[in-house]
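# What the coordinates show
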Amino acid sequence: MISDVLVGHLPFLISALVLFWVLSTIIYRRYFHPLSKVPGPFLWSISTLPIFYHQGLREGQLMHVLPGLHAKYGPVVRISPNEVHLSDPEAYDKIHNVGTKFYKDPSFYSPLDGVLRTPIILTIISNDQHRVRRGAITPFFSRRSVLELEGMVLDKAKKLIRLMEDVFLSTNNQTEPKKEAAVFDMHHAIRAFSVDVITEYAYARCWNQMDAKDYGKDYQDAIRSIQGFMPYLLSFPAIVLPIFGLLPDGLLKAASPPFRRWIESVEVVNAAVIEVRNQIAQGIKPARRTIFHDLMEPPVSVEDEKMMPEGMKHRQSLSDETVLGDAVNVTGAGAETTGSTTARAIFEVLSNPGIYQRLSQELRDEFPDGIDSMTLPALEKLPLLTGVIKEALRLNPGLPGHLPRVVPPSGATFNGYTLPGGTSVSMSAWVQHHNPEAFPNPTVFDPYRWINNDVDKLRFQDKHMIHFGRGTRNCVGQNLAMCELYVSLAAIFHRFGYDAAPGEGRLEAEPGFVREDLRIVELILGYHPVNARKFGIIMRR
Ligand code: HEM
């Protein structure tokens, strides 16, 4: 019987078909695919497994591999069957300029919505839809809005200083170092500072993470763990996403403490959304307008909107789900990014005595009456403080890795290579910020490169700095992030100067803590490897 013969050979037939499919896929991707002429390593051009290997199995190491690939293959490298990574800074403007037709790559951004369990502004694919959402949220984070609340940021920085004083200085005499050597957990405290600022700023409801015993470590771990799933979701979306989508919140909460914390934090924000919605319905005027008020009830009349520039228009009252997504996005995006950059700045200053001494002198000369007289515009004029912040953002960008966009249907040409519509193109802050032409000795923390160089060189350096992105999809929170960086660093190095007051000591990184401990990897946001030491500081007695 023919059917018996077929059944007998079934395993062989299936194996032959699978082999044929695999071989034809490899041959097509390498030799006949529209990207076949784009240079890149063989394995990367036929499969996404090399990316999974570096991102998933080696914990976010792709960004550390990319500079080597560009050194070998040039400014345009094929890093997966459908993704090309670029290194020429000219390409960045082409992809990210205002009004760009390049849109966010759904295969990278959409899985995030599934994990976060709420759609956020960061992951909107269509630029047109994004413009509507962004128009509503931008004014809330304008420089003017931030300046109105800079006093609140200063209050939080003073609270951070008090926490440090409690650890370092004797309680009886607030100028004498304590007898026993104590370590201040700067890693978690500085992130707690950022969470407290953003929750007070956005919702007028501070989460008071600085008051928590462990500085709200579990919330910080929650955001990180969620991103730990991303390499699996990105490499095997057809399998992992549906499974993930089917898991009820209750099960996730029971199975994973970080997930429990994450879902609880979303519930806290959601409760605030409902409360504000009720207040608006009852006509209750808030003591201070929050992001919820601006999103639910834009403070602009229809007539005024007609006068507004393009991009700010289309403001409209948004659904509760949308408001929730934006508020959740703002908290999650604003904590780790700013916290880890500030930590890096503190470590580098403490590790360079000359910089530490000049910085604290610069601050004390400018503000002889103390921290209370500091203002953001005055701080921004200080050259060394500004150089320190720019170097910290260069070496520790909050989103260091590839953030892919899709080439529009008309196609695009980069450095002589024409890429068809639908190709995924990406660039990484890590690669740009370590370009040795723009930044000689790129791994060295050198704030003076932002002070001593001439205007042309500074412009060239700035062209490579993409820590906040550019164009309409750039970071909406950058004014607030800069305010936090300026104010917290100024407060710390003013209060704990290199030339310490009598009885006090200088700050130092915890003994044994080295720069390598602050190495970052990319899980969308930049993180330290899971087993990395946490940054602690001591006061020398
Ligand atoms: C040093 C600190 C920060 C860095 C380096 C940073 C970096 C970035 C970058 C590169 C993007 C664009 C991502 C993409 O292209 O997909 C972005 C988006 C975003 N950031 Fe930040 N960020 C920082 C702080 C903050 C803060 C404090 C907030 C809180 C308000 C915030 C909220 C957001 C939001 C909501 C988006 C999405 C914007 C949109 O899609 O329109 N970020 N950030």
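Residues numbered from 1 in each chain as written. Predicted model: local features only at pLDDT ≥ 70, side-chain atom pairs only at ≥ 80, totals over all residues.

Okay, the overall build of the protein next. On a plain count of helices and strands, the protein comes out with 25 helices and 11 strands. The principal-axis extents of the C-alpha atoms in the protein amount to approximately 95 × 60 × 50 Å. Scored against the burial criterion, the 541 residues of the protein give a buried share of 41%. Pairs at least 24 residues apart make up 73% of the contacts formed inside the protein by residues separated by at least 6 positions. (Helix = DSSP H or I, 4+ residues; strand = E, 2+ residues; numbered from the N terminus. Buried ≥ 20, exposed ≤ 12 C-beta atoms within 10 Å, placed from the backbone. Contact = placed C-beta atoms within 7 Å.)

Contacts to the ligand come from 26 residues, most closely from Gly334, Thr337, Gly398, Cys475 and Gly477. Put simply, the parts of the chain that give the shell around the ligand at least two residues each are helix H19 (320–351) and helix H25 (478–495). Ranked by residue count, the leading element in the shell around the ligand is H19, at seven residues. Split into classes, the residues belonging to the shell around the ligand amount to 14 nonpolar, 10 polar and two charged. (Near = placed C-beta within 6 Å. Nonpolar A, V, L, I, M, F, W, Y, C, P; charged D, E, K, R; others polar.)

Every buried residue belonging to helix H4 (residues 49–57) is among His54, Gln55 and Gly56, and all of these are buried. Lining the buried residues of H4 we find helix H5 (62–73) and helix H13 (230–235). Remark: Glu59 follows H4 within two positions and exhibits a positive phi of approximately 55°.

Here Tyr215, not a glycine, exhibits a phi torsion of approximately 55°, which is positive. Relative to the helices and strands, Tyr215 resides in the loop between helix H11 (186–203) and helix H12 (217–228). With phi around 45°, Asn415 is a residue other than glycine that occupies positive phi space. Take Asn415: it is sitting in the loop between strand E5 (412–414) and strand E6 (417–419). A tally of 12 C-beta atoms within 10 Å means that Asn415 is categorised as exposed.

Moving on, we come to the packing of H19 against helix H22 (residues 383–395). Between H19 and H22, the shortest axis-to-axis distance is 9 Å and the interhelical angle comes to 115°. Where H19 crosses over H22, the handedness of that crossing is right-handed. Here H19 contributes Thr341, Arg344, Ala345, Glu348 and Val349 to the contact with H22, which in turn contributes Val388, Ile389, Glu391, Ala392, Leu393 and Leu395. (Axes fitted to C-alpha atoms, helices over the stretch in contact; angles between N-to-C directions. Left-handed = near helix turned anticlockwise from the far one by under 90°.)

With that out of the way, let us pick up the UniProt feature "binding site: heme" (unreviewed entry) in the protein. Sites flagged by UniProt as "binding site: heme" (unreviewed entry) map to Cys475. Structurally, Cys475 is set in the loop between helix H24 (455–464) and H25. If sequence neighbours within four positions are ignored, Cys475 has contacts with Phe468 and Gly469. (UniProt positions renumbered as here; feature names shortened; annotations may be inferred.)

With respect to the secondary-structure elements, Ser194 resides in helix H11. Distance from Ser194 to Ala481, taken between C-alpha atoms, is 8.6 Å for residues 287 residues apart in sequence. Residues contacting Ser194, with those up to four places away along its chain left out, are Gly334, Ala335, Thr338, Gly339 and Glu484.

Take the pairing of strand E1 (residues 76–80) next. With respect to burial, E1 is a largely interior element, five of its five residues being buried. As paired strands, E1 and strand E2 (residues 83–86) are joined by four bridges and run antiparallel to one another. Within E2, the residue paired with Val76 across the bridge is Leu86. In this antiparallel pair of consecutive strands, E1 and E2, the connection spans two residues. (Pairing = 2+ DSSP bridges.)

Relative to the helices and strands, Phe460 is located in helix H24. Taking C-alpha positions, Phe460 is 9.7 Å from Pro89, a pair spaced 371 residues apart along the chain.

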